[in-house]
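# Tertiary structure, described
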Amino acid sequence: MGYQMNENEQFRELIDDIQSLPEPDYENEFDMKTRDRIHENIINFSMDYRNKRRRGIIGKRVLAGITSAIALLLFTFVFLTINDGEKTATDPNEQHNLDEEHLVGLQGNEYEEGQYPIHMTYDLNAVKRYVNNQPDNGEEIRSLFKQMSNDSVKFDLQRELTSEEWEKVKQDLNSKLDILNSLISDNSDFNQPIHLFIKFLEEAKGEDYLRYEDVVNGIEFLSKELN
Amino acid sequence: MAISKISEWFYLYSKDIYHFLLYYVGSGDIEDLVQEVFIRAIKGFDTYQENSSPKTWLFSIARHVGIDELRRRKRSRIKNAIGIGDYEPTEDRTPEKVLQLNENHKELYQVIQSLKANYRDVIILRAIKEMSVSETAVTLNWNENKVRITYHRALKALKKERDGISDERE
């Protein structure tokens, strides 16, 4: 400070001159009335500004809420789409089985989660293929039973079948019994296994409530006999 | 909170700010500029730090308001020069008239106005408003050494200009 004073001492006269420059005549140029008017303007502006800011903050919050909701909806949509895509497109074999389900008349049944009868549908399709193929020689029957045996690898049924579900299959089986019966005489090599299978089917025919597992076991037994 | 503080500061510092702006921008409606200073203070109240001095903060805003006003006037003068502006300088409220300056003061005032901006800033704050070095440093956002050096150089330049005018007269 002392240095500053000494440093500027040579300008002392000039500094004194500057400091002698007059202040405005506040009473005439910037009187109390003028100041009160400006003060009022400032207060009005301040209140408007505060309200505007408050509205802006609320607007921002609402906007953030809407944006979050849209983001959540988009995320849910994308997540569900990906999930659905994985369920329908990962295993072509499963897709095939689901398509086959229409053939055995199971469409329209409702299953609880975790009980979707994939294996059952598959095995039912094996039976269905058997009764629909109308085999006319021993070789075809042999290959068919092998195929049925291969197809029926998994017997872990989720539940027992109801009589309504079996009704259509049983009708199909009954309609083919005559064809199977005729094969006994035409193909003597296969008389024994086919006879056993027909016996099994005839026993099953009278049941209102048939365990699918029993049918599968019968097919398995028959295919072993043929081999 | 902001309203009550700004309201309090208005009655404490509005005269000082009027005085500063009168020397800073010269003629015109200084009342409007004082109002603008406090409106900017309301808008920027969130940036004010509680531990700093409201006086230096308001003077800092006032300086920026003054700079903006001088630029606006310069643009208006250019527009007028090319014939597209409608700015008319108000000669009835010049500092010479408002301050009722005598010949000696009028000459000194004009020499101060002719100095470059840095020198003018520091002369007005240090000599006219009699601020301390630290207050001036905060207001101008400089360090204290820069304030001291610039003030010294400003005085030197001012003396030289003033002596030059005196020599011409003689």
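Rules behind the numbers
Residues numbered from 1 in each chain as written. Chains lettered and ligands numbered in written order. Predicted model: local features only at pLDDT ≥ 70, side-chain atom pairs only at ≥ 80, totals over all residues. UniProt positions renumbered as here; feature names shortened; annotations may be inferred. Helix = DSSP H or I, 4+ residues; strand = E, 2+ residues; numbered from the N terminus. Buried ≥ 20, exposed ≤ 12 C-beta atoms within 10 Å, placed from the backbone. Contact = placed C-beta atoms within 7 Å. Nonpolar A, V, L, I, M, F, W, Y, C, P; charged D, E, K, R; others polar. Axes fitted to C-alpha atoms, helices over the stretch in contact; angles between N-to-C directions. Parallel < 35°, antiparallel > 145°, perpendicular 65-115°, else oblique. Core = buried A, V, L, I, M, F, W, Y, C linked by C-beta atoms within 7 Å. pLDDT = per-residue confidence, 0-100. Expected span 1.5 Å × (residues − 1).

- Per an unreviewed UniProt entry, chain B carries the name RNA polymerase sigma factor and comes from Tenuibacillus multivorans.
- Regarding chain B, the relevant UniProt record gives this comment under Sequence similarities (unreviewed entry): "Belongs to the sigma-70 factor family. ECF subfamily."

### Focus: the overall build of chain B
- Each helix and strand in chain B was counted, giving eight helices and zero strands.
- In sequence order, chain B lays out its α and β elements as α-α-α-α-α-α-α-α.
- By residue count, 33% of the 170 residues in chain B fall in the buried class.
- The contacts in chain B between residues at least 6 apart in sequence include a share of 64% that link residues at least 24 apart.

### Observations concerning the interface of chain B and chain A
- Taken together, the 33 residues of chain B in the interface contact 26 residues of chain A.
- Contributing elements (two or more residues each) for the side of chain B that touches chain A: α1 (2-25), α2 (30-43), α5 (103-114), α6 (117-128) and α8 (144-169) of chain B.
- Residue contributions to the side of chain B that touches chain A peak at ten residues, all from α1(B).
- When the residues that make up the side of chain B that touches chain A are grouped by side-chain class, the tally is 20 nonpolar, seven polar and six charged.

### Points about the packing of α6(B) against α8(B)
Residues and elements named next belong to chain B.
- At a minimum axis separation of 9 Å, α6 and α8 run at an interaxial angle of 100°. The pairing of α6 with α8 is recorded here as roughly perpendicular in orientation. Counting all contacts with α6, which are made through N118, Y119, V122, I123 and R126, the residues of α8 involved are V147, T150, Y151, R153, A154, A157 and L158.

### Some points on unusual backbone geometry
Residues and elements named next belong to chain B.
- Positive phi is not limited to glycine here, since E130 has a value of about 55°.
- Positionally, E130 belongs in the loop between α6 and α7 (133-140).
- Unusually for a residue other than glycine, N141 sits at a positive phi of about 60°.

### Some points on the nonpolar core
- Formed by 45 residues in total, the largest nonpolar core has its most connected members in I17(B), L21(B), V34(B), V37(B), L58(B) and A62(B).
- Secondary-structure elements contributing two or more residues to this core are α4 (32-89) of chain A together with α1, α2, α3 (54-81), α5, α6, α7 and α8 of chain B.
- The element contributing the most residues to this core is α1(B), with eleven residues.
- Every residue in contact with A62(B), bar those within four places of it in the chain, is listed here: I17(B), F20(B), L21(B) and V37(B).

### With respect to the UniProt feature "transmembrane region" (unreviewed entry) in chain A
- Listed under "transmembrane region" (unreviewed entry) in the UniProt record, and renumbered for this structure, are residues 62-82 of chain A.
- Between the first and last C-alpha atoms of residues 62-82 of chain A the distance is 30 Å; the span itself is 100% helix and 0% strand.

### Digging into the confidence of the model for chain B
- Put simply, chain B has an average pLDDT of 88, and 94% of its residues get 70 or more.
- Note on the complex model: pTM 0.58, ipTM 0.86.

### Section: α8(B)
- Counted at 1.5 Å a residue, the expected span for α8(B) with its 26 residues is 38 Å, and the 37 Å between its end C-alpha atoms agrees.
- Listed as buried for α8(B) are V147(B), R148(B), Y151(B), A154(B), L155(B) and L158(B).

### Describing the packing of α7(B) against α8(B)
Residue and element names in this part refer to chain B.
- One can describe the packing of α7 onto α8 by two numbers: an axis separation of 8 Å at closest approach and a directional angle of 100°. Taken as axis vectors, α7 and α8 run roughly perpendicular relative to one another. Taken together, the residues of α8 that come into contact with α7 (itself represented by V133, S134, T136, A137 and L140) are E144, V147 and R148.
- Taken together, the residues of the contact of α7 with α8 break down into four nonpolar, two polar and two charged.

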